[in-house]
Amino acid sequence: MKSTVSRRHFLKASTIAGGGLLLSFSLLGYKSISKLAEEDEFTPNAYIKISPDGTIVLMAPNPEIGQGVTTSLPLIVAEELCVNWEKVKVALAPLDEKFGRQVAGGSGAIRGKFAELRIVGAAAREMLIAAAAQTWNVPVDECLADEGMVIHQSSGKKLSYGELATKASKLEVPTDPKLKNPEDFKFLGTRVKDVEAHKITTGQPLYGIDTRREGMLFAMVARPPAYGKTLKNVDDTEARKINGVKDIVKLKNSVAVLATSTWIAKKGRDALIIEWETSEKLESSSDHFNSFKELLAKGADAKSRNDGDIDAANKTAQKVLDVYYEMPTISHGQMEPLNYFADVRKDSAELFGPTQVPAKVRSDVAELLGIAPENISVTLPRQGGGFGRKLMNDNAVEAALISAAVQKPVQVQWTREDDQQNDFYRPATMYRYRAGLSEDKLWSWHQSGIAIGREVRGDSYVAGALENYRSEGQGLESNTPTGWWRAPGANTLAFPAESFMDEVCVELKKDPVAFRLELFEKAKKQPIGKLQFDPDKYKSVVELVAEMSDWGTTPEGVFRGFATWYSFGSYAAQVLELKLENGKPRITKVFCAVNCGTVINLSGAENQVQGAIIDGICHAMFPKITFVDGAVAETNFDSYKFLRIKDAPLDIEVKFVPSNEAPTGLGEPALPPVAAAISNAIYAATGKRIRKMPFAEELG
């Protein structure tokens with residue numbers, strides 16, 4: 001099998017200190033070859049390092065926020081390199097253009113690097129084989145690589161990669177190496193333990209919050225208590241009297257207290273006397289939803305999609321189903337509160353801490369402080385969750401500004417209350433759905449959505465499968481900061497769309513699985529307008545989950561809900577089972593089928609799907625953010641409720657559709673459909689239709 005990436009890709013090898021092979025890879029356009037060569041003289045970092053002593057180090061280039069890429073990305077290289085995985089060392093890479101795009105977001109790490117990492121591994125393997133063939137003076141095709149050794153098949157001679165490293169480093173890099181046939185994969189698709197599992201479970205200092213440096217000060221920051229308020233005056237007299245408080249820095253709209261410990265910094269912050277003034281409207285959540293209803297009733301000026309003629313179709317229909325769905329604002333609530341370390345000096349900066357966008361951190365700090373980007377180092381710890389919060393780099397920029405002000409190393413630590421009040425939230429959203437129905441036919445589908453801060457977008461699979469379809473989105477202007485939350489867009493659209501589909505099926509007396517399969521078949525054979533999905537892949541997960549759950553034979557006392565969704569290139573379908581205990585629903589099992597192309601690490605993939613389902617259940621059932629005059633009412637986890645172990649499903653069964661296609665997203669696609677699967681199961685159990693999150697409040 002030949003690689004699918006063209007010869008225009010750039011591969012480079014150089015000898016590392018003490019002799020050995022170092023191989024890095026960069027797609028054309030990332031940077032010039034000459035610049036790479038210069039930087040390589042000063043950095044030991046690249047994807048592969050093989051030392052003469054046999055040490056093999058593979059670099060994990062992307063931020064690790066719990067999605068398992070520290071294991072799965074190097075595993076792709078290891079597969080093509082033909083090494084013994086148990087003997088490989090894995091290291092987190094710093095920010096460096098040699099690694100291309102280093103971002104955690106959009107379920108894009110694996111699908112974005114799969115092809116190039118295979119080539120990196122395959123090229124290195126071919127160079128090592130060539131080095132061995134030269135050593136033995138035999139044809140290359142008489143040699144093979146396995147377990148970190150090159151073997152001459154007829155003679156049985158063997159040389160380790162360490163023994164071949166120096167010679168291999170002097171060979172020309174193949175530009176079109178032969179990739180392994182997927183049928184010969186040894187690691188990909190198997191269960192591989194997370195390389196940091198032992199360190200995590202034994203409490204080793206892997207996280208940004210564990211940072212300690214000589215002379216480092218700890219900082220806590222007083223920020224506005226509500227959106228719409230700004231800093232007017234600060235009296236720091238009492239704070240400066242606290243033993244251990246070393247400095248107080250006033251920023252544009254906040255005040256930082258620096259001390260010899262986090263606790264003392266907090267005491268200093270609490271002692272500040274700050275006057276905040278109201279500079280903008282102090283918004284409340286009730287205002288948001290009242291405005292939503294008014295604007296949805298008016299309708300949007302422009303339609304994002306408008307197939308057929310829904311107005312004419314509704315005149316033909318016997319009934320128009322017209323309902324509203326509501327989703328509250330929610331925070332990211334990552335387990336690790338925000339923090340960041342910065343050591344900024346006159347012409348340079350060292351930055352270290354949790355972020356999903358390290359390159360953005362460097363560019364923003366460079367611009368704000370006037371420091372050349374090449375003089376700013378950005379390294380990454382393992383991170384205690386991200387979910388989109390760390391796509392915003394306010395924590396890093398703030399730490400850099402404080403360190404620059406005092407010219408000392410500083411660690412800024414946020415409390416949970418800081419996180420809750422200063423998030424970039426998943427915006428509150430409302431949808432209105434209308435469907436024209438006759439006794440056994442769906443004539444039209446009209447989707448209208450609105451959210452605070454930004455315009456609602458997106459369609460379900462109904463777009464492309466139904467003759468009369470319309471969607472429109474609006475945004476409500478607000479001073480509430482919003483951002484990307486796990487499976488952005490899909491996490492709010494899938495719930496109303498798939499719940500409403502269940503309502504339509506009930507009205508039409510159609511089986512929800514069979515009806516969706518009919519729609520996919522129509523989309524395949526008679527697509528209406530542009531299709532945004534692959535009907536066959538949708539069918540593959542629906543049929544697989546139906547088989548897994550033995551759909552149609554519901555056990556006694558069990559109630560089921562079904563939902564499916566496509567996002568980030570992958571397809572997921574779920575059957576959720578619950579029972580009623582003392583009249584309350586108790587989720588007992590979730591079946592989930594996923595089509596995400598080639599699975600890299602089977603156990604990691606299963607964990608991602610299971611985690612997404614748990615996360616989706618949690619945020620459908622329990623939490624919400626309520627703004628009262630610009631301030632968050634749910635300031636900590638006592639009031640911002642999360643799922644407890646007793647609320648989790650007893651079992652989650654996951655299967656992947658077999659595929660040799662390139663991987664697609666996996667960190668997020670299993671989350672969007674589960675809320676609708678719950679609401680549909682609750683309807684099956686109680687006859688009550690849940691159209692508003694959090695579900696626990698609706699259930700009483």
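Residues numbered from 1 in each chain as written. Predicted model: local features only at pLDDT ≥ 70, side-chain atom pairs only at ≥ 80, totals over all residues. Heavy atoms only, no water.

### Some words on the overall build of the protein chain
A tally of regular secondary structure across the protein chain gives 18 helices and 28 strands. Over its C-alpha atoms the protein chain spans a radius of gyration of 28 Å, differing by no more than 12% from the 27 Å that the globule rule assigns to 700 residues. Going through the 700 residues of the protein chain one by one, you find that 59% of them count as buried. Residue pairs in contact within the protein chain that sit at least 24 positions apart in sequence constitute 75% of those at least 6 positions apart. Positive and negative side-chain charges of the protein chain, numbering 85 and 90 respectively, have mean locations separated by a distance of 1 Å. (Helix = DSSP H or I, 4+ residues; strand = E, 2+ residues; numbered from the N terminus. Rg over C-alpha atoms; globule rule 2.2 N^0.38 Å. Buried < 20%, exposed > 50% of the residue type's maximum accessible area, 1.4 Å probe, protein only. Contact = heavy atoms within 4.5 Å. Lys, Arg positive; Asp, Glu negative; His and termini not counted. Charge placed at Lys NZ, Arg CZ, Asp CG, Glu CD.)

### Observations regarding the sheet that holds strand β20 (residues 429-437)
In space, the five strands of this open sheet follow the order β14-β22-β21-β20-β15, with mixed pairing throughout. Here the strands that pair on one side only, and so sit at the sheet edges, are β14 (305-307) and β15 (319-327). The sheet shows a mean angle of 15° between the axes of neighbouring strands, direction not considered. Two strands pair when backbone bridges link them, and strand β21 (residues 442-452) and strand β22 (residues 469-476) are joined in this way by eight bridges, in the parallel orientation. The residue of β22 that forms the bridge with Trp445 is Tyr469. Set on the sheet, helix α13 (residues 490-508) makes contact with β15, β20 and β21; between it and β15 the angle comes to about 150°. (Pairing = 2+ DSSP bridges. Axes fitted to C-alpha atoms, helices over the stretch in contact; angles between N-to-C directions.)

### Things to note about the side chain of Gln474
Residue placement: Gln474 occurs in strand β22. The residues touching Gln474, leaving out its near neighbours within four places in the chain, are Leu295, Leu296, Gly299, Ala300, Gly449, Ile450, Ala451, Arg454, Glu455 and Val456.

### Remarks on the pairing of strand β11 (residues 245-250)
Bridge analysis of β11 against strand β12 (residues 255-259) gives five bridges, and the strand direction is antiparallel. Following the sheet pairing, Asp247 is matched in β12 by Leu258. Counted along the chain from β11 to the antiparallel partner β12, the turn is four residues long.

### Regarding the pattern of salt bridges
Tallying each qualifying case throughout the model produces 43 salt bridges. With a shortest N-O distance of 2.8 Å, Glu503 and Arg691 are connected by a salt bridge. On the criterion of sequence distance, the pair formed by Glu503 in helix α13 and Arg691 in the loop between α17 (672-686) and α18 (695-699) is long-range, its members being 188 residues apart. For Glu503, a relative accessible area of 6% translates into the label buried. A network of salt bridges, in which partner residues are shared, links Arg223, Arg269, Glu398 and Asp418. (Salt bridge = Lys/Arg side-chain N within 4 Å of Asp/Glu carboxyl O.)

### Remarks on the side chain of Arg416
Counting through the fold element by element, Arg416 comes out in helix α12 (residues 416-421). Note on Arg416: relative accessible area 11%, which makes it buried.

### Side note on the environment of Trp136
Examined against the element boundaries, Trp136 turns out to sit in helix α3 (residues 109-136). Separated by 16 residues in the primary sequence, Trp136 and His152 have C-alpha atoms spaced 8.4 Å apart. Dropping the residues within four chain positions of it, Trp136 is found in contact with Cys143, Val150, Ile151, His152, Lys157, Lys158 and Leu159.

### A closer look at unusual backbone geometry
Here the bond from Met693 into Pro694 is cis, since omega is 0°, no more than 30 degrees from zero. In the Ramachandran plot, Ser107 falls in the positive-phi region, its phi being about 50° despite a non-glycine side chain. Structurally, Ser107 is set in the loop between β5 (88-92) and α3. Using a relative accessible area of 13% as the deciding quantity, one classes Ser107 as buried. Even without glycine at this site, Lys509 takes up a positive phi of about 60°. Judged by its relative accessible area of 74%, Lys509 falls in the exposed class.

### Considering the nonpolar core
By size, the foremost hydrophobic cluster in this structure holds 99 residues, and its most contacted members are Trp445, Val504 and Phe656. When residues in this core are grouped by element, the largest group, ten residues, is from α13. Leave out the neighbours within four places in its chain, and Trp445 touches Ile310, Tyr433, Arg434, Val462, Leu466, Asn468, Tyr469, Arg470, Ala497, Phe500, Met501 and Val504. Judged by nonpolar contacts, the second largest core, of 50 residues, contains Ile48, Leu73, Trp85 and Val120. (Core = buried A, V, L, I, M, F, W, Y, C linked by side-chain atoms within 4.5 Å.)

### Some details on the sheet that holds strand β28 (residues 651-656)
Two strands in a sheet stick together by hydrogen bonds in their backbones, pointing the same way (parallel) or opposite ways (antiparallel). Pairing within the open sheet is mixed, and its four strands lie in the order β23-β24-β25-β28. Strands at the two margins of the open sheet, each flanked by one partner only, are β23 (559-567) and β28. Strand-to-strand twist across the sheet, computed as the mean angle between neighbouring axes with direction ignored, equals 15°. Relative to β28, strand β25 (residues 584-595) runs parallel, the two being bridged by six bridges. Paired with Val590 across the strands is Ile652, a residue of β28. Where helix α16 (residues 602-621) meets the sheet, its contacts fall on β24 (570-581), β25 and β28, and the angle it forms with β28 comes to roughly 130°.

### Comments concerning the packing of aromatic side chains
The description of two aromatic rings rests on the distance between their centres and on the angle between their planes. Applying the stated criterion across every chain yields a total of 23 aromatic pairs. Summarising the aromatic geometry, the rings of Tyr47 and Phe99 are spaced 5.1 Å apart at their centres and angled 85° between planes, so their arrangement reads as edge-to-face. With Tyr47 in the loop between α1 (33-40) and β3 (48-50) and Phe99 in the loop between β5 and α3, the pair connects residues that are 52 residues apart, well separated along the chain. Note on accessibility: Tyr47 and Phe99 belong to one class, buried. Here the guanidinium or amino end of Arg213 rests over the ring plane of Phe341, the centre of that ring lying 4.7 Å away. (Phe/Tyr/Trp six-rings, centres within 6.5 Å; stacked < 30°, edge-to-face > 60°. Lys NZ or Arg CZ within 6 Å of the ring centre and 35° of its normal.)

### Description of the confidence of the model for the protein chain
When pLDDT is averaged across the protein chain, the result is 92; 93% of the residues are at 70 or more. Low pLDDT, under 50, characterises residues 1-18; the stretch is placed with 55 contacts to residues that sit more than four places away or in other chains. (pLDDT = per-residue confidence, 0-100.)

### Focus on helix α8 (residues 285-298)
Between its terminal C-alpha atoms α8 stretches 20 Å, which fits the 20 Å expected from 14 residues at 1.5 Å a residue. Packed against the buried residues of α8 are β15, β20, β21, β22 and β26 (627-628). Phi for Gly299, located one or two positions after α8, is positive at around 85°. (Expected span 1.5 Å × (residues − 1).)

### Description of the packing of α16 against α17
The interhelical angle for the contact between α16 and α17, taken along N-to-C directions, is 55°, at an axis separation of 8 Å. Classified by the interaxial angle, the pair formed by α16 and α17 is oblique. For the pair α16 and α17, the sense of crossing is right-handed. On the side of α16, the interface is formed by Ile613, Gly616, Ile617, Ala620 and Met621, while α17 contributes Val674, Ala675 and Ile678. Broken down by class, the residue content of the contact of α16 with α17 amounts to seven nonpolar, one polar and no charged. (Parallel < 35°, antiparallel > 145°, perpendicular 65-115°, else oblique. Left-handed = near helix turned anticlockwise from the far one by under 90°. Nonpolar A, V, L, I, M, F, W, Y, C, P; charged D, E, K, R; others polar.)

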